[in-house]
Amino acid sequence: MGLKGGGRMEPAQVLYFGQHNRFEDGTDERKQFREAMHKELDKFLDQLTGVFEGERRETLAELSDMLTQKRGDFLGACLQHLLEERYSEALNKEESSCPHCGNPCRKRRDITKKLQTMQGPCQLKRPWFYCVSCGRGFVPVDTEAEISRREKQFDLQKRAIKLSAQLPFACASEEFEDLTGQTMSDHSMHDVFEEVGIHAVPEAVVPSEGEICKRIEQTSTGKWRPVLVVASDAAKLPTRPKAKRNARRGAGRYKDAKGFRIYLAGKGRLVHIASWHQIQPEEQFGADLALAASRIPQERVRIALLGDGADWLWKHMRACFPKGREVLDFYHCSEHVYEVAKVQYGEKSTEALEWVEATLCRLFYGEVGHVIAGLRRMKPKTAQAEELIRKLVAYLKEHRRRINYRALRLGGYPIGSGGIESANKFICHTRMKRSGAWWVKATGNLMLGIRCAIYNGTYDHVFDLYKRSSLSSAGEHRDC
Ligand SMILES: [Zn+2]
């Protein structure tokens, strides 16, 4: 054990950095690590002292940028020393059992792998084994230290993918380099993004029952059970058919991303529970909502089901939350009222405003019958007005029992799905509706999944699933 001239460590036979060895055997190894790092620090300082030769004095920002640029080599070397020391045993193995059949295998050769991390570049020489019976090669230390088969390591991937969920890939790649000093190409981001996205399924993206209970507990105060709002909606997303790169794209069209947002309406604040949006048929929406419902202790909350006119959405919400109180979204409802006013009385006319105000006020007090009677007495000014009035009457009749806003308000229930409107804007629109962005459905859904995970606080879990699955196959790669 000890250091050789090159400054790189020789293998230690025992792992010494663990807490329990702190005052016993670890002293020498730590001393050696410090010495090795002092040498690296000297190299780093040599690079910095160049500034004293210049004529012009650098600004603070220039000096800071210079450090950002040069620290990678130093910290990368630091990381390499740590890895070599902590995994010295695994790195020096001559024999290892095959992860598939368990047969003992001999080391064939060492393979040096380049690693890119948040700290900077480094490399690791590790033993490669080959199982004759399975016909497979494997690198045990990669599994043990969780080393990605890619050059870009998981710490870097995790942050880059999170950024690419907020910005277009090319833009995310540029910003990532600017902010971290580390690089990841947009292609590489896109590839990893797809691999991570596969794990952003509702089972992983919707928080666990334990986590949901915790949030309910935090919101519960006094004798009233908190109101849990389930709001469903659809947002139009620009999609296009899948085409090969550089091939002519097919015509794009808008498809519905169906989604729900579940939150607790606490005193003066909303506590988010789960969002889930996908471009998918309504049956799948129903299945996903049922999964979320199964994780909610429904007897511990009062449930409000918020939606607009669409039938499919009520059907599934009722099936998943049989005790939920149905509420026609006040804002959706008022939009229909405005439409009638516009064609009947003219846009922004005083008459229109007065009629809208009176009508909404009546609806707020649950006087749906009066409003319907009033609409029937109206003399439509145009054929369009006649059609819209007829539609509004039908709409109000259909949703009559979902319109009693005053009573709902008094009971502490929300009457408008401001919640889902803003979730739709945040989850769907900000990243998905950029100009010129047309999504292939599958990719669009992966993006929606990752964005929901970030919003729900389950991104770490989703990334962890990706990491596990990628590690379980990484050891088998022959070209590592
Ligand atoms: Zn084997």
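Note that the coordinates shown come from a computational prediction; the quantities given were computed from them, not determined experimentally.

1. Side note on the sheet that holds strand β3 (residues 121-131)
Read across the open sheet, the four strands follow the order β1-β2-β3-β4; overall the sheet is antiparallel. The open sheet has two free edges, formed respectively by β1 (95-97) and β4 (136-138), since each of these has just one partner strand. On average, adjacent strands in this sheet sit at an angle of 50° to one another, irrespective of strand direction. Here strand β2 (residues 104-116) runs beside β3; their pairing, made up of nine bridges, is antiparallel. Counterpart to I111 in the pairing with β3 is R126. Sitting on the sheet, helix α2 (residues 60-86) is in contact with β2 and β3, with an inclination near 35° to β3.

2. Remarks on the pattern of salt bridges
Tallied over the entire structure, the rule returns 22 salt bridges. D142 is the salt-bridge partner of R126, the closest N and O atoms lying 2.8 Å from each other. Taken as a pair, R126 in strand β3 and D142 in helix α4 (residues 140-144) lie far apart in primary sequence, 16 residues in all. Overall, the relative accessible area of 1% leaves R126 in the buried class. Between K236 and D256 there is a salt bridge whose closest N-O contact spans 2.8 Å. Of this pair, K236 sits in strand β5 (residues 227-240) while D256 sits in strand β6 (residues 253-266), and the two are 20 residues apart along the sequence. Looking at K236, the relative accessible area reads 44%, which means it is partly exposed.

3. Thoughts on the coordination of the zinc ion
Surrounding the zinc ion are the protein donor atoms C98 (SG), C101 (SG), C131 (SG) and C134 (SG), at 2.2 to 2.3 Å. Coordination at the zinc ion is tetrahedral, judged from the four donor atoms that bind it and the angles of 106 to 114° they form at the metal. Read in sequence order, the donor residues coordinating the zinc ion give the pattern C-x2-C-x29-C-x2-C. In this pair, C98 sits in the loop between β1 and β2 while C131 sits in strand β3, placing the two residues 33 residues apart along the sequence.

4. What about the pairing of β6?
Note: β5 against β6, 13 bridges, orientation antiparallel. Within β6, the residue paired with A231 across the bridge is R261. Two elements, β6 and strand β7 (residues 269-279), share ten bridges in a ladder whose sense is antiparallel. Looking across to β7, one finds that L264 is bridged to V271.

5. Thoughts on the confidence of the model for the protein chain
Of the residues in the protein chain, 88% reach a pLDDT of 70 or more, and the chain-wide mean stands at 87. In the model, residues 1-23 has pLDDT below 50 throughout and makes 53 contacts with residues more than four positions away in sequence or in other chains.

6. Focus: the pairing of strand β8 (residues 302-307)
Counting buried residues in β8 gives six out of six residues, a clear majority hidden from the surface. Across the two faces of β8 the burial is the same, with R302, A304 and L306 and I303, L305 and G307 all buried. The pairing of β5 with β8 spans five bridges and is parallel. Following the sheet pairing, A231 is matched in β8 by L306. Here β8 pairs with strand β9 (residues 325-328) via four bridges, running parallel. Within β9, the residue paired with G307 across the bridge is L328.

Reading guide: rules and limits
Residues numbered from 1 in each chain as written. Predicted model: local features only at pLDDT ≥ 70, side-chain atom pairs only at ≥ 80, totals over all residues. Heavy atoms only, no water. Pairing = 2+ DSSP bridges. Helix = DSSP H or I, 4+ residues; strand = E, 2+ residues; numbered from the N terminus. Axes fitted to C-alpha atoms, helices over the stretch in contact; angles between N-to-C directions. Contact = heavy atoms within 4.5 Å. Salt bridge = Lys/Arg side-chain N within 4 Å of Asp/Glu carboxyl O. Buried < 20%, exposed > 50% of the residue type's maximum accessible area, 1.4 Å probe, protein only. Donors = N, O, S within 2.8 Å, 3.2 Å for Na, K, Ca; no water. Tetrahedral: all angles 85-135°; square planar, octahedral: opposite > 155°, others 65-115°. pLDDT = per-residue confidence, 0-100.

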